[in-house]
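Structural description and commentary
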Amino acid sequence: MRLITHNMLKCHVRGCDDSSKNFPLEIQDAQLEQIEAEKNDAFLVRMFPRLEWNALVSTAKNLSINNLPEKIPENIEEDQALLEILHTVLLETNVKEGRMVCRGCGHIYAIKNSVPNMLLAEHEI
Amino acid sequence: MSRPEHLAPPEIFYNEDEAKKYTTSTRIATIQAEMSARALELLALPENESMYILDIGCGSGLSGEIIEEEGHYWVGLDISDSMLDLAVEKDLEADLFLQDIGHGLGFRPGTFDGAISVSVLQWLCNADKKINRPLYRLQRFFSTLYSALRRGARAVFQFYPENDDQVQMILSTAMKCGFTGGLVIDFPNSKKAKKQYLCLFAGSAPGSARSQKLPAAQGIDGEFSAPNSLRTTTRNPKKKGQNRTPVKSKDWILQKKELNRSRGDKPVPHDSRYTGRKRKTKF
């Protein structure tokens, strides 16, 4: 799972509706993998407003990626250096193994071979 | 028609053996590819822009390959880990999730520019486990999908409904969750090529005041020959040989006579207006 998709992901356990806690899912024991992707600035600029910046920065820090600016950047279409960083962080960083934990309900989503297991138990649906 | 959803729940039915068929059988692959391409066409995405697409029930990634070819980014969900294993092996540029869509989707509001799904929806209508209540699962699925889509985005589902009640149940549930849209039936007169697509619109895009219109179906007027994926050439509706030119046409006869005259070894009748003319049948 790439970090761009992690930024879109919240806990979907029934009743876990507290938006301050069900997003972002905390990544633990992660094994990261750098994958190669074609650069697509237009896509990044389009997706930028959909990103939850604070969640992205905290997740990245958690994975010891420290080159993102703390404050929400402006005019990113002109900032080539930032687009380069965003491209590597969002589209080329893949979580291969590990788990995601919801801070609200504590559900653990295991990630195996880049595929997170989003199945829920009977009492969670 | 065999209905795999009557045999076992999807995560059990699509085991390694069944999943293997999706890589070895070219027939399954072409049919799936055709339906994915049509679903993508019905999404009506703007051209030359990379979009963020959700593939519901991506399986081994056959439909994802089509999405990728169009230059879009995609996220795939499937409940069968055997199928997902195949997709992972393909090294697709996508994020895959092992997910039961009846549990709802966990995406933030307004994430995706569109969603496609090939041959999945009928599985949701099955109460294959004691805890599965189809109506509840459909509701949970459609409501979470509605929120995960951007306003004005579309979701296109190719599916094989078992009967009209099922279509009604799916449609009314989707409408209750806020979608508009309806059913597009391609080749409704052909038993084999008939394909049903549920086209749902998640609101209309900001700025465009017009309401979304349902796309036109294929193969309704005039197109009697449904494209059969197994047959590459289309059958000619005309009878064989109707526009075939006769071998011994008038030109051919004149040419032959001219040749014989120049050789001069046998008498050649002169040319007249009766030369090479078709005789009446009673003669």
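Parameters and conventions
- Residues numbered from 1 in each chain as written.
- Chains lettered and ligands numbered in written order.
- Predicted model: local features only at pLDDT ≥ 70, side-chain atom pairs only at ≥ 80, totals over all residues.
- Heavy atoms only, no water.
- Pairing = 2+ DSSP bridges.
- Helix = DSSP H or I, 4+ residues; strand = E, 2+ residues; numbered from the N terminus.
- Contact = heavy atoms within 4.5 Å.
- Domains from an automatic or database assignment.
- Polar contact = N/O pair within 3.5 Å; in protein donor to acceptor, adjacent residues only side chain to side chain.
- Patch = residues over 30% accessible without salt bridge, like charges linked within 9 Å, V, L, I, M, F, W, Y side chains within 5 Å.
- Areas by Shrake-Rupley, 256 points an atom, 1.4 Å probe, with all protein chains shown as cover.
- Salt bridge = Lys/Arg side-chain N within 4 Å of Asp/Glu carboxyl O.
- Lys, Arg positive; Asp, Glu negative; His and termini not counted.
- Charge placed at Lys NZ, Arg CZ, Asp CG, Glu CD.

All names here are of chain A. If you walk across this open sheet you meet the four strands as β1-β2-β3-β4, and the pairing is antiparallel. What marks the edges here is a single partner per strand, and that holds for β1 (26-34) and β4 (115-116). Bridging between strand β2 (residues 93-101) and strand β3 (residues 108-112) involves four bridges; their strand directions are antiparallel. Counted as the bridge partner of methionine 100 is tyrosine 109 from β3.

Moving on to the environment of alanine 8 of chain B. Residue and element names in this part refer to chain B. Relative to the helices and strands, alanine 8 resides in the segment before α1 (10-13). Along the primary structure alanine 8 and asparagine 126 are separated by 118 residues, whereas in three dimensions their C-alpha atoms are 9.8 Å apart. Not counting chain neighbours up to four residues away, the residues in contact with alanine 8 comprise Phe13 and Trp123.

Turning our attention to the domain arrangement of chain B. Taken domain by domain, chain B comprises domain 1 (4-229) and domain 2 (245-283). Computed over C-alpha atoms only, the centres of domain 1 of chain B and domain 2 of chain B are separated by 66 Å.

What follows concerns the environment of tyrosine 52 of chain B. Here tyrosine 52 of chain B shows up in strand β1 (residues 52-56). In sequence terms tyrosine 52 of chain B and serine 36 of chain B are 16 residues apart; their C-alpha atoms lie 16 Å from each other. A distance of 2.9 Å separates the side chain of tyrosine 52 of chain B from the side chain of threonine 5 of chain A, its partner in a polar contact.

So, about a negative patch on the surface. All names here are of chain B. A grouping of Glu16, Asp17, Asp81, Asp85 and Glu89 is seen on the molecular surface, where their side chains present a negatively charged patch. When contributions to the negative patch are tallied by element, the ones reaching two or more residues are α2 (16-24) and α5 (81-89). The element best represented in the negative patch is α5, accounting for three residues. Here aspartate 17 lies in helix α2.

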